[in-house]
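Reading the structure
Listed below, chain by chain, are the residues.
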Amino acid sequence: MTTALAPAGPGLLASARIVAAADGRGGTALPVLDGAGPFALRRLRPVGREARVCLVGAMSAPLGGDALALSAEVGDGAALHFRTTAATIALPGPTGAPATYDVRIRVGDGAVLHWLPEPLISARGGELRMTTTVELAPTARLVFREEQILGRAGEPPGRLTARLTVRHGGRPLYDQELSYGPGVPGWDGGAALGGHRAAGQLLVVDPAFAARPPAPRVLGPTAVVAPLAGPAAVVSAVAPDGLQLRTLLENGLSGVDFGIQPDKDNPVQQ
């Protein structure tokens with residue numbers, strides 16, 4: 001089971017774990033669905049062979065000094081859809097210490113994972129260091145969305161550092177670290193956000209891309225679709241707010257055959 005990083009100051013130490021496994025009848029079982037503290041995990045009605053899990057925030061987190069960890073394992077041949085009910089807000093704590101949030105994901109051969117949480121909001125005075133590590137088997141498929149909103153309405157952001165590392169078949173596929181907010185040189189300049197307050201990416205991994213990778217496309221002045229050196233493509237965008245960011249990411253998927261069946265309950269895949 002994944003354990004949280006040691007808190008940087010007096011704060012909450014909490015973790016959660018999801019395990020999805022093929023049930024042998026064409027569906028996916030959830031033998032492990034365990035969370036504590038702010039992690040309230042709920043089973044949703046499955047769709048086809050896909051099990052569905054929703055994370056409900058049971059308390060305000062992460063606060064400064066908290067150490068949170070979330071792990072998910074999708075076994076060979078299983079299919080999992082993960083979402084959250086609301087945005088995650090990184091808030092300051094009583095000591096001013098940073099919070100940490102560690103996400104670790106494994107997806108097996110022939111397995112499919114849709115990881116589609118709502119945005120992460122970096123609130124004024126908060127500091128969060130988030131790391132996400134994804135290990136994919138050679139025939140795994142993935143749709144992974146990450147959105148960051150810098151500050152609530154009318155306020156400056158806190159400090160946010162987010163790193164996403166993806167390995168495919170044991171080899172590096174994607175590794176990116178982004179930092180925003182007070183003390184980060186140039187984060188709001190023309191070479192970075194250029195005054196925008198929302199940034200995000202939508203990563204799609206599919207073995208079919210090895211034979212027919214998506215073509216690069218410019219979606220406008222602040223968004224692009226880029227194939228990666230592997231069976232993957234990423235939609236990257238910045239925008240004035242979360243609503244426009246989501247629209248840009250959705251537009252990046254339109255007209256592209258990602259080899260993954262659309263989900264009518266989630267507009268990002270339509």
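What you see is a predicted model; the values in this text were computed from it and never measured. (Residues numbered from 1 in each chain as written. Predicted model: local features only at pLDDT ≥ 70, side-chain atom pairs only at ≥ 80, totals over all residues. Heavy atoms only, no water.)

**Section: the overall build of the protein**
Going by this rule: Think of it this way: any DSSP run of H or I at least four residues long counts as a helix, any run of E at least two long counts as a strand, and we number them from the N terminus. We compute the radius of gyration over the C-alpha atoms and compare it with the globule rule, which gives 2.2 Å times the number of residues raised to the power 0.38. In this analysis, two residues are considered to be in contact whenever any of their non-hydrogen atoms come within 4.5 Å of each other. Computed by Shrake-Rupley with a 1.4 Å probe, the accessible areas treat only the displayed protein chains as cover when residues are assessed. The sign given to each residue is positive for Lys and Arg and negative for Asp and Glu; His and the chain ends receive no count. Charged groups are reduced to one reference atom each: NZ for lysine, CZ for arginine, CG for aspartic acid, CD for glutamic acid.
Counting secondary structure elements, the protein contains one helix and 18 strands. Rg of the C-alpha trace for the protein: 18 Å, near the compact-globule value of 18 Å for 270 residues, within the 12% margin. Seen through its C-alpha atoms, the protein measures out along the principal axes to roughly 50 × 40 × 35 Å. Taking the contacts inside the protein whose residues are at least 6 apart along the sequence as the reference set, 71% of them involve residues at least 24 apart. Total accessible area on the protein stands at roughly 11800 Å², and carbon and sulfur atoms take up 54% of it. Looking at charge distribution, the protein has the averaged site of its 24 positive side-chain charges lying 2 Å from that of its 23 negative ones.

**Description of the pattern of salt bridges**
The following threshold applies: What counts as a salt bridge is simple: a side-chain nitrogen of Lys or Arg found within 4 Å of a carboxyl oxygen of Asp or Glu. Any residue under 20% of the maximum accessible area for its type is buried, any over 50% is exposed, and the rest in between are partly exposed; the area is computed with a 1.4 Å probe on protein chains only.
Applying the stated rule across the entire model yields 12 salt bridges. Arg145 is the partner of Glu118 in a salt bridge, and the nearest nitrogen-oxygen pair spans 3.7 Å. Of this pair, Glu118 sits in the loop between strand E9 (112-116) and strand E10 (120-122) while Arg145 sits in strand E12 (residues 141-150); the two residues are 27 residues apart in sequence, bridging distant segments of the chain. Owing to a relative accessible area of 2%, Arg145 belongs among the buried residues under this scheme. Through salt bridges with shared partners, a single ionic network connects Glu118, Arg145, Glu147 and Arg246.

**Looking at empty space enclosed by the protein**
Which entries qualify depends on this criterion: Cavities and pockets were defined on a 1 Å grid built from protein atoms only: a cavity is a group of points that admits a 1.4 Å probe but offers it no way out, a pocket is an open group of points flanked by protein on both sides within 12 Å along at least five of seven lines, and a lining residue is one with an atom within 4 Å of any such point. Grid points are joined across faces, edges and corners, and a volume is the space filled by probe spheres set on the points. In this classification, the charged set is Asp, Glu, Lys and Arg, the nonpolar set is Ala, Val, Leu, Ile, Met, Phe, Trp, Tyr, Cys and Pro, and all remaining amino acids, among them Gly, are polar.
In total, this model carries one cavity of 30 Å³ or more according to the counting rule given. Of the voids in this model, the largest cavity is the one considered here, and its volume is about 270 Å³. Contributing to the lining of the largest cavity are 19 residues, with Thr88, Trp115, Pro117, Glu118 and Met130 lying nearest its centre. Contributions of two or more residues to the lining of the largest cavity are made by strand E6 (79-84), strand E8 (99-107), strand E11 (127-136) and E12. Per-element tally for the lining of the largest cavity: the top contributor is E12, with five residues. Classifying every residue of the lining of the largest cavity gives 11 nonpolar, four polar and four charged.

**Observations regarding the sheet that holds strand E1 (residues 13-22)**
Sheets are built from strands that pair by backbone hydrogen bonding, the pairs being arranged parallel or antiparallel. Rule in force here: One requirement defines pairing of two strands: DSSP has to find at least two bridges between them. As a rule, the C-alpha atoms of each element are fitted with a line to give its axis, helices using only the stretch in contact, and angles between N-to-C directions run from 0 to 180 degrees.
Within the open sheet, the seven strands sit side by side as E2-E1-E5-E8-E11-E13-E14. Their pairing is mixed. Looking along the sheet, the strands with just one partner apiece sit at the ends: strand E2 (28-35) and strand E14 (171-180). In this sheet, neighbouring strand axes are inclined to one another by 5° on average, regardless of whether the strands run parallel or antiparallel. The pairing of strand E5 (residues 67-74) with E8 spans eight bridges and is parallel. Within the sheet, the bridge partner assigned to Leu68 lies in E8 and is Tyr101.

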